[in-house]
Amino acid sequence: MARSGNFDDVVERIFQVTTGILALAFLASGILFLWNGHVTVTAFDMWHLYTVSLNQPFWQAALLKYGSHSMFFPTLLWSIDIAWFRSNQQLLFVIGLALLILSAIVLLVATWQDKTIGTTAKLVATLVVVVANFSMTRAFITAIGPFNCICSLVVVGALAAFYTLALICGGTRPYWTLMILVVTSGLIASFSFGSGFAVWPTLLVLGWSARLSWRTLGLILAVGIVAVITYGVLPGAAPEIAPENAISLGTALRRFCSLLGTPFLYAAAAWSSHALSPAAAQSSNIPVVCGTLGVGLAAGAVMPRLVRRDLGASKLQFIGLALTVFNFVAMGFIVIGRTAHMHASPGEVVAPRYMFWSSLFWAGLFLIFVQNVDSKKWAKWPTFSMLSALPLLIFPEHYQAAAWGRHVHLIMESAATSLINGVCDTDTVAQMYPTPATVYSLAKQYRQRRLDMFADGLQDWIGVSETNLFGGHYKSVELKGNIAVQSLVRCANGAPAARVTGWAIERETSIPKQLILVNAGGKVCGLARPTEIRTNINSQYKLPKFAASGFLGYIRDYNPQTPYFVRSADDNRLSRETLRVTSSGPMAASK
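Criteria and cut-off values
Residues numbered from 1 in each chain as written. Predicted model: local features only at pLDDT ≥ 70, side-chain atom pairs only at ≥ 80, totals over all residues. Heavy atoms only, no water. Helix = DSSP H or I, 4+ residues; strand = E, 2+ residues; numbered from the N terminus. Rg over C-alpha atoms; globule rule 2.2 N^0.38 Å. Contact = heavy atoms within 4.5 Å. Areas by Shrake-Rupley, 256 points an atom, 1.4 Å probe, with all protein chains shown as cover. Lys, Arg positive; Asp, Glu negative; His and termini not counted. Charge placed at Lys NZ, Arg CZ, Asp CG, Glu CD. 1 Å grid on protein atoms, 1.4 Å probe; cavity = no way out; pocket = protein on both sides within 12 Å on 5 of 7 lines; lining within 4 Å. Points joined across faces, edges and corners; volume = space filled by probe spheres on them. Nonpolar A, V, L, I, M, F, W, Y, C, P; charged D, E, K, R; others polar. Axes fitted to C-alpha atoms, helices over the stretch in contact; angles between N-to-C directions. Parallel < 35°, antiparallel > 145°, perpendicular 65-115°, else oblique. Salt bridge = Lys/Arg side-chain N within 4 Å of Asp/Glu carboxyl O. Buried < 20%, exposed > 50% of the residue type's maximum accessible area, 1.4 Å probe, protein only. Core = buried A, V, L, I, M, F, W, Y, C linked by side-chain atoms within 4.5 Å. Pairing = 2+ DSSP bridges.

1. Some details on the overall build of the chain
If you tally the helices and strands in the chain, you get 22 helices and 13 strands. On C-alpha atoms alone, the chain measures out to a radius of gyration of 27 Å, which is about the 25 Å that the 2.2 N^0.38 rule sets for 591 residues. By principal-axis analysis of the C-alpha atoms, the chain measures approximately 85 × 65 × 50 Å. Here the contacts in the chain between residues at least 6 apart in sequence split such that 74% fall between residues at least 24 apart. Carbon together with sulfur atoms contributes 64% to the accessible area of the chain, which is approximately 25400 Å² in total. Within the chain, the 27 negative side-chain charges are centred at a point lying 5 Å from the centre of the 43 positive side-chain charges.

What follows is the structure in structure tokens.
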């Protein structure tokens, strides 16, 4: 028997070490992929939000609802960024990443403070928290700094409220200080994004299940009602369902289940050799089936606590239940608030960006499972083994989403390159925001105030002699490459311009940060930046797989009879070597 016991201990210790290594490896890959693939310039809806922030007084911009969401606290962040840091999107990404890490820390603190479970259960719960927070399946939100600030502020605020309420349930004093923290955190969550209002019903469910006093429940309810009333009086459109967009209860439930089950659809599809098409995603039954299972499991986890009111001393169970209920309610808000949009675009119901919330729903359920089965030998190891396999099961999707993030990063850099050069490449800019006119209008203000992609002053190089850059300092860097005119476009002032593409490397080991395009007289006529992954070049010169060795640039006031040349411009010097800009063949003017 002693030998059997020793053997079991060794097996469990090996399992613990393996689980810990998997958690650390996934955490490292998640942060590395995010850093490599995050967007560094204004993108998507932020063009509209920044237009509001730059053209209205601060308080009006902060109080205005956008798309029925109150984003008061995130607006504070990017308003400060605009005023003091020149709309530095890198800074917002770092803040968003810090908030993401903070939300994981709150969950991990609750996990490791739980005295009702053993070390193995805590390690499995840690792995669940890491996978849920740092999977690149959430990159549609987490890779875009302002978006991550918005959503992670909601999560941090909600988790802070739940954790503080758990302290109250445990008898921690002083009571009123903790209650102030609960309601303050709830207000931060509520006025960071619409989903944040799910914090109030969640707090009530938790308080009721933990047999908190009527005074505490009444205070939470009162502050929640005040928050809803405040939201209602804020300027801007509130969610509205037009009669033509009304849906049946069955349709609403199907959409709700699809939102919950979407992570399983993309995780399964990533194992296939064929990319998941929008039509296939929309017609798949996987989200509905898995979402229905999730609803059943959530009901099985929540209803007994509501009836028995026996939410005990386990912080892991408390925080797991909080995550489950919060994201369950948040998904309900999405179904209601996005009804019209889902009616017009049915594929919206499986949009990857909603996995930011659904992944936390499943994480909450899994944490509840971990706490419940730790004392049940027959269920402990099957459950722990399945959950420990999560990183391996979703890694194909994790990796594919990382590649997608890098691709989007380069698309946004391409559009920013056209704006820096002052040309109208509307096909490229339309990928940055579907209304190019909004981009071009705000880009004028950006240029005047030297914000975002204009903060480094690269646009000032255009039109000056190359000898005026870096004090005329040249250095041999063994520049190699091939740059060619691809198509014709127009400058913002209507003058002709050329779109150039190609590749360039230095010393066969590194990629220049930017290239300058000069005419025969040495006048800088445009800039090119790395915006494309050239797999053939990367493999030929042993560059990293995701490295952008392909360049996009523009020549302003283009004259096809004039020769143009390329130099790299890095580290306060120009390359001695030049590349001749060639023609790729017959060219048509792009839009």
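2. Some thoughts on the layout of surface pockets
There is about 1300 Å³ of room inside the largest pocket. What lines the largest pocket is a set of 41 residues, among which His69, Phe193, Arg338, Arg353 and Tyr354 lie closest to the centre. Going through the elements one at a time, α7 (139-142), α8 (145-169), α11 (214-233), α15 (315-337), α16 (339-344) and α19 (390-421) are the ones with two or more residues in the lining of the largest pocket. Partitioning the lining of the largest pocket into residue classes produces 28 nonpolar, 8 polar and 5 charged. As for the second largest pocket, its lining consists of 28 residues, and the residues nearest its centre are Thr40, His409, Glu413, Asp456 and Arg529. Elements with a minimum of two residues in the lining of the second largest pocket: α5 (89-113), α19 and β8 (524-532). Ranked by residue count, the leading element in the lining of the second largest pocket is α19, at 5 residues.

3. Observations concerning the packing of helix α10 (residues 199-209) against α11
Closest axis-to-axis distance for the α10/α11 pair is 10 Å, and the angle between their directions is 175°. When the axes of α10 and α11 are compared, the pair comes out roughly antiparallel. Contacts between α10 and α11 involve Trp200, Leu203, Leu204, Gly207 and Trp208 on the former and, on the latter, Trp214, Leu217, Ile220, Leu221, Val223, Gly224 and Ala227. Partitioned by chemical class, the residues of the contact of α10 with α11 number 10 nonpolar, 2 polar and no charged.

4. Let's talk about the pattern of salt bridges
Side-chain pairing between opposite charges can occur once the charged atoms of the two side chains come close. The tally for this structure, following the rule as stated, stands at 12 salt bridges. Between Asp310 and Arg305 there is a salt bridge whose closest N-O contact spans 2.7 Å. Judged by its relative accessible area of 12%, Arg305 is buried. Between Asp460 and Arg450 there is a salt bridge whose closest N-O contact spans 2.9 Å. Of the two residues, Asp460 sits in the loop between α21 (436-449) and β4 (474-475) while Arg450 sits in the loop between α21 and β4, which places them 10 residues apart along the sequence. Three or more residues are tied together by salt bridges with common partners; here these are Glu12, Asp374 and Lys380.

5. As for the nonpolar core
In this structure, Phe162, Trp357, Leu419, Met432 and Met453 are the most contacted members of the largest nonpolar core, which totals 158 residues. In terms of residue count, α8 provides more of this core than any other element does, 15 residues in total. The residues touching Met453, leaving out its near neighbours within four places in the chain, are Val41, Trp47, Ala416, Leu419, Ile420, Met432, Tyr446 and Gln459. With 18 residues, the next largest nonpolar core counts Ala498, Ala504, Leu515 and Tyr558 among its residues.

6. Concerning the pairing of strand β5 (residues 479-491)
Bridge count between strand β3 (residues 423-424) and β5: 2 bridges; the pairing is antiparallel. Looking at β5, one finds that Cys424 is bridged to Arg490. Relative to strand β6 (residues 496-506), β5 is paired through 11 bridges, and the arrangement is antiparallel. Directly across from Val489, in β6, lies its bridge partner Ala497. Here β5 folds back onto β6, and the loop between the two strands holds 4 residues, one of which, Gly494, carries a positive phi near 95°. Across 2 bridges, the pairing between β5 and strand β13 (residues 582-583) is parallel. What sits directly across from Val485, in β13, is Ser583.

7. Quick word on unusual backbone geometry
The bulk of non-glycine residues show a negative phi, and the bulk of peptide bonds are trans. With an omega of 0°, the peptide bond between Arg173 and Pro174 qualifies as cis. When you line up the elements, Pro174 lands in the loop between α8 and α9 (175-190). One non-glycine residue, Ser68, lies in positive phi territory at about 70°.

8. A short note on the environment of Val423
As for its placement among the helices and strands, Val423 is situated in strand β3. Along the sequence, Val423 and Gly67 sit 356 residues apart, while their C-alpha atoms lie 31 Å from each other. The residues contacting Val423, other than those within four sequence positions of it, are Ser418, Tyr440, Val489, Arg490, Cys491, Ala492, Ala497, Tyr554 and Arg556.

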